[in-house]
Amino acid sequence: MDLEIKNDGNALCFPVKAVPRASRNAVSEVREGALVVRLSAPPVEGKANAALIEFLAEVLKVRKKQVSIKLGDKSRHKLVTISGLALEELQAKLAECLS
């Protein structure tokens, strides 16, 4: 996995490319160092951001409050932070999603 995960103090950060208006929510691949996440929500009024947080929390088996968007609220390219997970745990859970 070529995902660029960085330790930002108490949280892990990694880039995400959000693809709104997909047929279903899915983690599809790692492309150019970013996790590509397809979301069924439209990119209006923060719906895609909320869907991204909810979906990543579900996939990574953490609470929604442990997932946040650090950068890129209005962009498809985002920097997401996950708190409460060790690097090895995050890598294992993401590898499971991608297989």
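Residues numbered from 1 in each chain as written. Predicted model: local features only at pLDDT ≥ 70, side-chain atom pairs only at ≥ 80, totals over all residues. Heavy atoms only, no water.

Trainee: For this particular structure, what's the right way to read the environment of glutamate 29?
Mentor: Mapped onto the fold, glutamate 29 is located in strand β3 (residues 26-31). Note on glutamate 29: relative accessible area 30%, which makes it partly exposed. If near-sequence neighbours (up to four positions away) are discounted, glutamate 29 is found in contact with Ala34, Leu35, Val36 and Leu98. One polar contact links glutamate 29 to arginine 31, side chain to side chain, over a distance of 2.7 Å. (Helix = DSSP H or I, 4+ residues; strand = E, 2+ residues; numbered from the N terminus. Buried < 20%, exposed > 50% of the residue type's maximum accessible area, 1.4 Å probe, protein only. Contact = heavy atoms within 4.5 Å. Polar contact = N/O pair within 3.5 Å; in protein donor to acceptor, adjacent residues only side chain to side chain.)

Trainee: Which parts of the structure should I look at to understand the nonpolar core?
Mentor: The nonpolar side chains of a soluble globular protein tend to be buried, and buried together. Within the largest apolar cluster, 26 residues are counted, with the highest numbers of intra-cluster contacts made by Phe14, Leu35, Val37, Leu52, Val80 and Leu90. Breaking this core down by element, the ones donating at least two residues are β2 (11-19), β4 (34-38), α1 (47-60), β5 (67-71), β6 (77-83) and α2 (87-98). Per element, the largest residue contribution to this core is 7 residues, and it comes from α1. Contact partners of valine 37, with chain neighbours within four places excluded, come to Val16, Lys17, Ala18, Val19, Ala26, Leu52, Phe55 and Leu56. (Core = buried A, V, L, I, M, F, W, Y, C linked by side-chain atoms within 4.5 Å.)

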